[in-house]
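Below are the chains, spelled out letter by letter.
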Amino acid sequence: AAAATPVDAAWVLSGLSVAANVGALAPQILQNKKQRHTGALSPATLKMRCLGAVARLLTTLHDSADTILVLGFATSVALNAVLLLQVRAYAAGTADALAKKKKRA
């Protein structure tokens, strides 16, 4: 049988997961804000990612309430919700940007 992951290592790996999530989504959020549009981000994909993160968060709260896992899933919910809100807020700017890009092509 495989040995269990030591608790300290699990915390470090979970913490790195939170950092990776922030590192992946925060630049996109900042770029969207700067450009005032979201480009080709798919609202359907963002909705599914957000709902999936909510499901993982609720399941973790129910089953274990492990602090680092809750933090990670809550961060994922928050970042994906911000992206989803940006899709709505920048809808007109996104339509303009995509139309300009289509004209150039």
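Anything mentioned here points back to the structure above.
Residues numbered from 1 in each chain as written. Predicted model: local features only at pLDDT ≥ 70, side-chain atom pairs only at ≥ 80, totals over all residues. Heavy atoms only, no water.

Chemist: Outline the overall build of the protein, listing residues and values.
Modeler: From N to C terminus, the protein includes four helices and zero strands. Expected size for 105 residues packed as a compact globule is a radius of gyration near 13 Å; at 17 Å, the protein overshoots this value by more than 25%. With respect to the principal axes defined by its C-alpha atoms, the protein has extents near 60 × 25 × 25 Å. Each of the 105 residues in the protein was classed as buried or not, and the buried ones make up 27%. (Helix = DSSP H or I, 4+ residues; strand = E, 2+ residues; numbered from the N terminus. Rg over C-alpha atoms; globule rule 2.2 N^0.38 Å. Buried < 20%, exposed > 50% of the residue type's maximum accessible area, 1.4 Å probe, protein only.)

Chemist: Break down the nonpolar core for me, citing the residues and quoting the values.
Modeler: In terms of nonpolar packing, the biggest core is built from six residues, these being Leu-25, Ile-29, Leu-46, Leu-79, Leu-83 and Val-87. When residues of this core are traced back to their parent elements, those giving at least two are helix H1 (7–35) and helix H3 (67–89). Looking at this core, the element that brings in the most residues is H3, giving three residues. Among residues more than four places away in sequence, those in contact with Leu-83 are Leu-25, Gln-28, Ile-29, Asn-32, Leu-41, Leu-46 and Arg-49. (Core = buried A, V, L, I, M, F, W, Y, C linked by side-chain atoms within 4.5 Å. Contact = heavy atoms within 4.5 Å.)

Chemist: A description of the packing of H1 against H3 should follow, citing residues and the corresponding values.
Modeler: Where H1 meets H3, the closest approach of the two axes is 10 Å, and the angle between their N-to-C directions is 10°. Relative to H3, H1 is oriented roughly parallel. Residues Trp-11, Ser-14, Gly-15, Val-18, Asn-21, Val-22, Leu-25, Gln-28, Ile-29, Asn-32 and Lys-33 of H1 lie in contact with H3, whose contacting residues are Thr-67, Ile-68, Leu-69, Gly-72, Thr-75, Ser-76, Leu-79, Asn-80, Val-82, Leu-83 and Gln-86. Of the residues contributing to the contact of H1 with H3, the split by class is 10 nonpolar, 11 polar and one charged. (Axes fitted to C-alpha atoms, helices over the stretch in contact; angles between N-to-C directions. Parallel < 35°, antiparallel > 145°, perpendicular 65-115°, else oblique. Nonpolar A, V, L, I, M, F, W, Y, C, P; charged D, E, K, R; others polar.)

Chemist: Report on the side chain of His-37, specifying residues and quantitative values.
Modeler: Counting through the fold element by element, His-37 comes out in the loop between H1 and helix H2 (43–63). The exposure class assigned to His-37 is buried, which follows from its relative accessible area of 17%. Setting aside chain neighbours within four positions, we find His-37 in contact with Asn-32, Tyr-90, Gly-93, Thr-94 and Ala-97.

Chemist: Describe in detail the packing of H2 against H3, supporting the description with residues and values.
Modeler: For the pair H2 and H3, the least separation of the axes is 9 Å and the interaxial angle reads 155°. The angle between H2 and H3 falls in the class roughly antiparallel. Considering only the axes of H2 and H3, their crossing is left-handed. Side by side, H2 and H3 meet where Pro-43, Leu-46, Lys-47, Arg-49, Cys-50, Ala-53, Val-54, Arg-56, Leu-57, Thr-60 and Leu-61 of the first sit next to Leu-69, Val-70, Phe-73, Ala-74, Ser-76, Val-77, Asn-80, Ala-81, Leu-83, Leu-84 and Val-87 of the second. For the contact of H2 with H3, the per-class residue count stands at 16 nonpolar, three polar and three charged. (Left-handed = near helix turned anticlockwise from the far one by under 90°.)

Chemist: Give a description of a nonpolar patch on the surface that names residues and reports values.
Modeler: Together, Val-12, Leu-13 and Leu-16 make up an exposed nonpolar region whose accessible area comes to about 300 Å². Tracing the backbone through its elements, the reader meets Leu-16 in helix H1. For Leu-16, a relative accessible area of 53% corresponds to the exposed category. (Patch = residues over 30% accessible without salt bridge, like charges linked within 9 Å, V, L, I, M, F, W, Y side chains within 5 Å. Areas by Shrake-Rupley, 256 points an atom, 1.4 Å probe, with all protein chains shown as cover. Salt bridge = Lys/Arg side-chain N within 4 Å of Asp/Glu carboxyl O.)

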